Amino acid sequence: MIHATALSKNFRVYHKAPGFWGSVRSFWQRQYSDKPAVKAFDLEIGKGERVGLLGPNGAGKTTLMKMFTGIIVPSSGQLSVLGHQPHARSRDFRLRIALVMGQKSQLWWDIPAMDSFVLLQRYYEIEESTFRRRLNALVSLLDVAPLLQVHVRKLSLGERMKMELIACLLHQPELLFLDEPTIGLDLVAQRKIREFILEWQREYGTTVLLTSHYMADVDALCERIVLVLNGQKRFDGGIRSFESLLGRQKYVSVSFEQPVDTQSAVWQPHDPQWQADGLQVELRIDEAVLRETAMAIFRDFPVQSFSMEKLPIERVMHQLLQETEVL
Amino acid sequence: MAGTLKAEWHKWWATVVINWRRLLAYKLNFLLLVIGPVLVFFFIRYQVWAGIYRLEGVDTLQGYTFEQMLAYQVWVMIVGFLALGFNGMNLAEEIRLGRISSYLLYPFGFWPFQMASFLAFQGLQLLVATVTLLAVWAMGWVQLQPLALLQGFSLAACVGLFWFQANFVIGILAFWLEETWVLRVMLVTLSQFFSGALIPLELFPKALAQALHWLPFPYLTYMPVKVFMGTYTGSLWQAFAVLLLWTLLVFGLARVVWRQGIHNYTGAGI
Amino acid sequence: MPLLRRYALIYREYVNNCVAEALSYRLHFVLLIVMDLLFYLSLLGGVDFLFQHLDQIGPWNRQAFLFFMAFMIAVEHLHMTFVSENFWAFSHDIRTGKLDFILLKPAAALFIVFFRAMRPATLLLGLFPWGLLGWYGSQLGLLWWQWLLLPPLVLLGLALLTSVEILISMSMFWLVESMGINFLRMQLQQLSRWPDFIYGYFAQKFFGLAVPVLLVGSAPVRFVLNPHDTSGLLWLLGLMGLSWLLTAFFWRRGLRAYESASS
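Residues numbered from 1 in each chain as written. Chains lettered and ligands numbered in written order. Predicted model: local features only at pLDDT ≥ 70, side-chain atom pairs only at ≥ 80, totals over all residues. Heavy atoms only, no water.

1. Thoughts on the overall build of chain C
Inclusion rule: The helix and strand labels rest on DSSP assignments: H or I over at least four residues marks a helix, E over at least two residues marks a strand, and numbering proceeds from the N terminus. Just to be clear, the radius of gyration here is over C-alpha atoms, and the globule rule we use is 2.2 Å times residues to the power 0.38. With a 1.4 Å probe rolled over the protein chains alone, any residue whose accessible area is under 20% of its type maximum counts as buried; one over 50% counts as exposed, and the rest are partly exposed.
When helices and strands are tallied, chain C shows 14 helices and 2 strands. Relative to the globule expectation of 18 Å for 263 residues, the C-alpha radius of gyration of chain C, 19 Å, shows essentially globular dimensions. By its C-alpha atoms, chain C is 60 × 45 × 40 Å across when sized along the principal axes. Classification of the 263 residues of chain C by burial places 57% in the buried group.

2. Considering the interface of chain C and chain B
Definition in use: Residues count as neighbours in contact if any of their non-hydrogen atoms are within 4.5 Å of one another. Buried surface area refers to the total accessible area, computed with a probe of radius 1.4 Å, that the two partners give up upon joining, counted for both partners together. Salt bridges are defined by distance alone: a side-chain nitrogen of Lys or Arg within 4 Å of a carboxyl oxygen of Asp or Glu. Pairs of N or O atoms within 3.5 Å make up the polar contacts considered here, provided that, within protein, one atom can donate a hydrogen while the other can accept it, and that residues adjacent in sequence are counted only when both atoms are side-chain atoms. Any residue outside Ala, Val, Leu, Ile, Met, Phe, Trp, Tyr, Cys, Pro, Asp, Glu, Lys and Arg is labelled polar, Gly included; the first ten of those are nonpolar and the last four are charged.
Contact residues are listed per partner, giving 42 residues for chain C and 42 residues for chain B. Between chain C and chain B, a total of about 3,700 Å² is buried, with carbon and sulfur atoms accounting for 78% of that surface. Considering only the side of chain C, the residues that lose the most area to chain B are C:Met35, C:Phe49 and C:His53, jointly responsible for 16% of the buried surface there. In this structure, the connection of chain C to chain B is made through 0 salt bridges. Across the contact surface, chain C and chain B share 7 residue pairs in polar contact (both at pLDDT 80 or more). Contributions of two or more residues to the side of chain C that touches chain B are made by α2 (26-51), β1 (56-57), α4 (84-96), α11 (179-192) and α12 (201-210) of chain C. Partitioned by chemical class, the residues of the side of chain C that touches chain B number 25 nonpolar, 14 polar and 3 charged.

3. Quick word on the nonpolar core
Side chains that are nonpolar tend, in soluble globular proteins, to be buried together. How we decide: For our purposes a nonpolar core is just a set of buried Ala, Val, Leu, Ile, Met, Phe, Trp, Tyr and Cys residues, chained together by side-chain atoms within 4.5 Å.
Within the largest apolar cluster, 147 residues are counted, with the highest numbers of intra-cluster contacts made by B:Trp49, B:Ile52, B:Trp75, B:Phe204, C:Phe65 and C:Phe90. For B:Trp49, the contacting residues outside a window of four places in its chain are B:Leu61, B:Phe66, B:Met69, B:Gln73, B:Leu198, B:Ile199, B:Leu203 and C:Leu50. Grouped together as the second largest cluster of nonpolar side chains are 112 residues, A:Val38, A:Leu64, A:Leu198 and A:Ile239 included.

4. A look at the interface of chain A and chain C
Taken residue by residue, the interface counts 18 residues in chain A and 16 residues in chain C. Roughly 1,400 Å² of surface becomes buried between chain A and chain C when both sides are summed, with 51% attributable to carbon and sulfur atoms. The three residues of chain A that bury the most area against chain C are A:Phe27, A:Trp109 and A:Arg153, which together make up 42% of that side's buried surface. In this assembly, chain A and chain C are joined by 0 salt bridges. One can count 0 residue pairs in polar contact (both at pLDDT 80 or more) joining chain A with chain C. Contributing elements (two or more residues each) for the side of chain A that touches chain C: α1 (19-28) and α6 (157-169) of chain A. For the side of chain A that touches chain C, the element with the highest residue contribution is α1(A), accounting for 6 residues. Here the residues of the side of chain A that touches chain C sort into 9 nonpolar, 3 polar and 6 charged.

5. Considerations on helix α1 (residues 2-24) of chain C
The condition is simple: Multiplying 1.5 Å by the helix residue count minus one yields the expected span of that helix.
When the terminal C-alpha atoms of α1(C) are compared, their 33 Å separation across 23 residues agrees well with the 33 Å that a helix rising 1.5 Å per residue should span. Within the sequence span of α1(C), burial applies to C:Tyr7, C:Tyr14, C:Cys18, C:Val19, C:Ala20, C:Ala22, C:Leu23 and C:Ser24. Looking at the buried positions of α1(C), the neighbouring elements they touch are β1 (2-15) and α1 of chain A together with α2, α6 (109-115) and α7 (120-124) of chain C.

6. What to know about the packing of α1(A) against α1(C)
Selection criterion: Note on geometry: axes are lines fitted to C-alpha atoms, helical ones only across the stretch in contact, with angles between N-to-C directions running from 0 to 180 degrees. If an angle is under 35 degrees, it is roughly parallel; if it is over 145, roughly antiparallel; if it lies from 65 to 115, roughly perpendicular; otherwise it is oblique. Crossings are assigned a handedness: left-handed for a near helix turned anticlockwise from the far helix by less than a right angle, right-handed for a clockwise turn.
Direction vectors running N to C along α1(A) and α1(C) enclose 15 degrees, while the axes themselves pass 9 Å from each other. With respect to α1(C), the element α1(A) is oriented roughly parallel. Judged by the twist between their axes, the crossing of α1(A) over α1(C) is left-handed. When α1(A) is examined against α1(C), the residues A:Phe20, A:Ser23, A:Val24 and A:Phe27 are found in contact with a partner set consisting of C:Asn16, C:Val19, C:Ala20 and C:Leu23. Grouping the amino acids of the contact of α1(A) with α1(C) by side-chain chemistry returns 6 nonpolar, 2 polar and no charged.

7. Some thoughts on the side chain of A:Arg94
Keep this limit in mind: Two residue types count as positive, namely Lys and Arg, and two as negative, namely Asp and Glu; His and chain ends fall outside the count.
With respect to the helices, strands and loops of the structure, A:Arg94 is situated in helix α3 (residues 91-96). Within the buried core, A:Arg94 has no salt-bridge partner, and the shortest N-O distance to an opposite charge, that of B:Glu8, equals 8.9 Å. Residue contacts for A:Arg94: discarding those within four places in its chain leaves A:Arg89, A:Tyr124, A:His171, B:Tyr103, B:Leu104, B:Leu105, B:Tyr106, B:Pro107, B:Phe108 and B:Gly109.

8. Section: a nonpolar patch on the surface
Residue and element names in this part refer to chain C. In plain terms, the rule: Here a patch means residues that are over 30% exposed by relative accessible area and free of salt bridges, tied together within 9 Å if like-charged and within 5 Å if nonpolar (Val, Leu, Ile, Met, Phe, Trp, Tyr). Per-residue and other accessible areas were derived by the Shrake-Rupley procedure at a 1.4 Å probe size, with only the shown protein chains allowed to occlude residues.
On the surface, a nonpolar cluster with roughly 580 Å² of combined accessible area is contributed by Trp174, Leu242, Leu245, Leu246, Phe249 and Phe250. The dominant element in the nonpolar patch, judged by the number of residues it contributes, is helix α14 (residues 231-257), at 5 residues. Considering the arrangement of structural elements, one finds tryptophan 174 in helix α10 (residues 172-175). We classify tryptophan 174 as partly exposed; its relative accessible area is 46%.

9. Here we look at the sheet that holds β1(A)
All names here are of chain A. As a reminder of what qualifies: Whether two strands pair comes down to DSSP finding at least two bridges between them.
Ordered in space as β2-β1-β4, the 3 strands form an open sheet in which the pairing is antiparallel. Two strands close off the open sheet at either side, each with one partner strand: β2 (31-45) and β4 (76-81). Ignoring strand direction, the axes of neighbouring strands in this sheet form an average angle of 35 degrees. Relative to β2, β1 is paired through 11 bridges, and the arrangement is antiparallel.

10. A look at helix α12 (residues 236-264) of chain B
All names here are of chain B. The end-to-end C-alpha distance of α12, which contains 29 residues, comes to 42 Å, matching closely the 42 Å that a straight helix rising 1.5 Å per residue would cover. When we look at burial in α12, the residues that qualify are Ala239, Phe240, Leu243, Thr247, Val250, Ala254, Val257, Trp258, Gly261 and Ile262. Along its buried surface, α12 packs onto α5 (100-105), α6 (110-138), α7 (146-172), α10 (217-220) and α11 (222-229). The residue sitting at the N-terminus of α12 and contributing the capping side-chain oxygen is serine 235; that oxygen lies 3.3 Å from the backbone nitrogen of tryptophan 237.

11. Quick word on the sheet that holds strand β10 (residues 249-256) of chain A
Residue and element names in this part refer to chain A. On the basis of which strands lie adjacent, the open sheet formed by 4 strands has the order β11-β12-β10-β13 and antiparallel pairing. Either end of the sheet is taken by a strand with one partner, and the two such strands are β11 (273-274) and β13 (303-310). By the bridge criterion, 7 bridges tie β10 to β13 in an arrangement that is antiparallel. The residue of β13 that forms the bridge with lysine 250 is lysine 310. Relative to β13, helix α10 (residues 290-300) is tilted by about 165 degrees, and along the sheet it contacts β10, β12 (280-286) and β13.

12. A short note on empty space enclosed by the protein
Applied cut-off: Cavity means a closed set of points on a 1 Å grid over the protein atoms alone, one where a 1.4 Å probe fits but cannot get out, pocket means an open set with protein on both sides within 12 Å along at least 5 of 7 lines, and lining means a residue has an atom within 4 Å of a point. Grid points are joined across faces, edges and corners, and a volume is the space filled by probe spheres set on the points.
Under the counting rule described, the total for this entry stands at 2 cavities of 30 Å³ or more. Looking at the largest cavity, its volume works out to about 130 Å³. What lines the largest cavity is a set of 17 residues, and nearest its centre among them are A:Leu99, A:Gln106, A:Cys168, B:Leu105 and B:Tyr106. Elements that contribute at least two residues to the lining of the largest cavity include exactly β5 (97-101) and α6 of chain A together with α5 of chain B. Ranked by residues supplied to the lining of the largest cavity, first place goes to β5(A) with 5 residues. Residue composition of the lining of the largest cavity, by class: 11 nonpolar, 4 polar and 2 charged. By volume, the second largest cavity is sized at about 30 Å³. Forming the walls of the second largest cavity are A:Met101, A:Lys104, A:Ser105, A:Gln106, B:Gly98, B:Arg99, B:Ser101 and B:Ser102. Taken together, the residues of the lining of the second largest cavity break down into 1 nonpolar, 5 polar and 2 charged.

13. Details of the pairing of β1(A)
As paired strands, β1(A) and β4(A) are joined by 5 bridges and run antiparallel to one another. Along β4(A), the bridge assignment pairs A:Ser8 with A:Ser76.

14. A closer look at the confidence of the model for chain B
Close reading of the predicted structure is inappropriate where its pLDDT is low. The condition that has to hold: The predictor attaches a confidence to each residue, and that confidence, scored 0 to 100, is pLDDT.
Across chain B, the average pLDDT comes to 87, with 95% of residues at or above 70. Least confident of the elements in chain B is helix α4 (residues 91-96) of chain B, whose mean pLDDT is 75; most confident is α11(B), at 93.

15. Let's talk about the pairing of β5(A)
Residues and elements named next belong to chain A. With 5 of 5 residues buried, β5 is to be regarded as a mostly interior element. Side chains of β5 alternate between two faces, with Ile97, Leu99 and Met101 and Ala98 and Val100 buried alike. Pairing geometry for β5 and strand β6 (residues 175-179), over 5 bridges, is parallel. Across the sheet, residue leucine 99 finds its bridge partner in β6, namely phenylalanine 177.

16. Focus: the packing of aromatic side chains
All names here are of chain B. To keep it simple, the criterion reads: Stacked, tilted and edge-to-face are the three classes applied to pairs of Phe, Tyr and Trp rings, where Trp contributes its six-membered ring and a pair requires centres within 6.5 Å; stacked means planes under 30 degrees apart, edge-to-face means over 60, and tilted covers the rest.
Taken as a whole, this structure holds 69 aromatic pairs over all chains when the rule is applied. With centroids separated by 5.7 Å and ring planes inclined at 90 degrees, the aromatic side chains of tryptophan 13 and tryptophan 20 adopt a geometry described as edge-to-face. In this structure tryptophan 13 comes out as partly exposed when scored by relative accessible area, which is 41%. When the centroid spacing of 5.4 Å and the interplanar angle of 55 degrees are considered together, the rings of tyrosine 103 and phenylalanine 110 count as tilted. Phenylalanine 110 carries the same exposure label as tyrosine 103, and that label is buried.

Take a look at the structure:
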């Protein structure tokens, strides 16, 4: 679906000294520099894959998305998406992709969403009966039937996001790009959107490429993770192997009946995160030493509750950004 | 092929319809937009010219009686309705905020989208123009001659095409410039003045009026107005030919600019 | 005094930001100046061409008429520099719900809404209208006290125009999409660019009393040319006060109608 080799993109930026006189000076002479956003990026994505593009702000994720969808032109390197060169933007290519942008709306702001859907029906040349069927399915899945006739500017963010999803899926794209689809939504709405996308993907085998800052999105939707740091690929593999990048570890949360000695040697090797009052701690413990450590804790401290789960992907991400040498 | 033609037609029509919806979503706003020229005509043009003729007690100004001046100004308003759209007003903003990204992803181009939006607006303007014209005609301020009407409408349609494409070129300059409305306003100011939309070219100094004929301006208002009035003496073919030539020129320009622009586009913050 | 000082400081920051923004778009900056210049020249050109065929319009000859035009251009120059951008921004803010941010600030929202944006490029062009005013004024042989009156009268005209426009803009709360109102505003400006005596009886009354845009230029210019003619100026002051009261009223009503479009 996507083949990228040595893909790069540079942006030109200009610098201005702060303040009034800085503005005046920059009016006469400007200093420009090239800022590389993506550097020599290789990527292969096959049909039906669900891939999460991870990385901090400014890592180059959105730039990659924009190149994959043909919105911007790469500075160098080879790129083929669905057998097309994206920035040629052939009609066939555009018919087969969709991009959901959590921060932008493609719906017409001043009229009901239904009007926008009808327009999209024409743009994507969808038969009337097919259109009705798909629309009904989408609308009932997302439970938005009463909202179709409401002016978009009066919808809540969550409602609007559902409408955006419908707008992007009406033509059943083979390749779906999701750029922070759940940004700003409450937890319930986030979960709903996630479940919906997953269900949709299972049904139609859509290839999905996702960026998100919510690890729960990634955890729920992706089976493969590509980590981008400073425009370069730093990891590419299954989500399970991503989790075990930091070694095979478990995430343990312990709370106590009374404050305990936070300086004890038992905690030190396990990256302890203390609650201020010393009543609760979160630990990352290697599976190899899990049993003996747990036993030591139970023996030496007044444990009230003890819970253990695999390392949440958020902790992995957080840790990786601090210790990039692991990669 | 017939199938795809039909599909294309559907896309155009759907775009026209959604533009109508959008324009009519705020009805009072729309009314103010289209009725503006009528207000300007009654409250400014009519009053000012009546004042000038009344206060000075003159019968003719450079061959225009008050009735003829009034008719001239009526036709200026009608040509304005037929030829001037608001496309391009939002175009630059759409590019600057990166909203154009959506159109780049649709299997329907940006130019057809803009063109269909323009046609949608012009359709409504045509309606307003017709109603206004009939009202003014009923008051006896203008005479309607079928042949002149036909010629005038065709000429005005060409002017509309020119304006659309000129606005389109200016709008897509937003790929490089942060704001393009300045260029648009400049062009409108210049052409309002030099096309005879404010005062007829006969009142201009001789040398200036002659020099103007080398530029597209007189073809944008003065000539269609004279054609509508039935007092145009030059060659009609020449008027069409010159106008089409200028239109082709901007079409070519738009093509070049679009190609370059889309290549440089960075999709600011998508 | 601290209140005024506080607002002066806020205003200084607005100006700073506008300057920084304006200067970062170089071509735009230059084009703005050219655009304004073209606009002024087209206004003068129209009147000048008319006077090639006429000696006098009503009570005024060419000099007096062009002096009036120069006065109006001086008013519009200040209007474009300090006010006009804000009306467009206001309608945009209402439609998109961005007005929320302004309402949250601990400063008078009306002040922020209508005075936050200015156009530095246009300010640079100030020499042109004031030069014109000087040129045509000297042709009329103005005396020293008449010269002294000019700047405050231009400001007064600007104040009236702005007050009327702000009052009209209150309707944007209910209209939401307000391109039409902005066009109406511009048409009223166009109306004020001709001296009041050129209009018919009813138009004179309506635009001198109900929507008093004809007073913007005509009242002050009459006063300069003939200081016994104070009635126009008194009307100007009275109606401006009234428009402030009405604005305060409709602003409060408007905020109650404001729906703050969803994020």
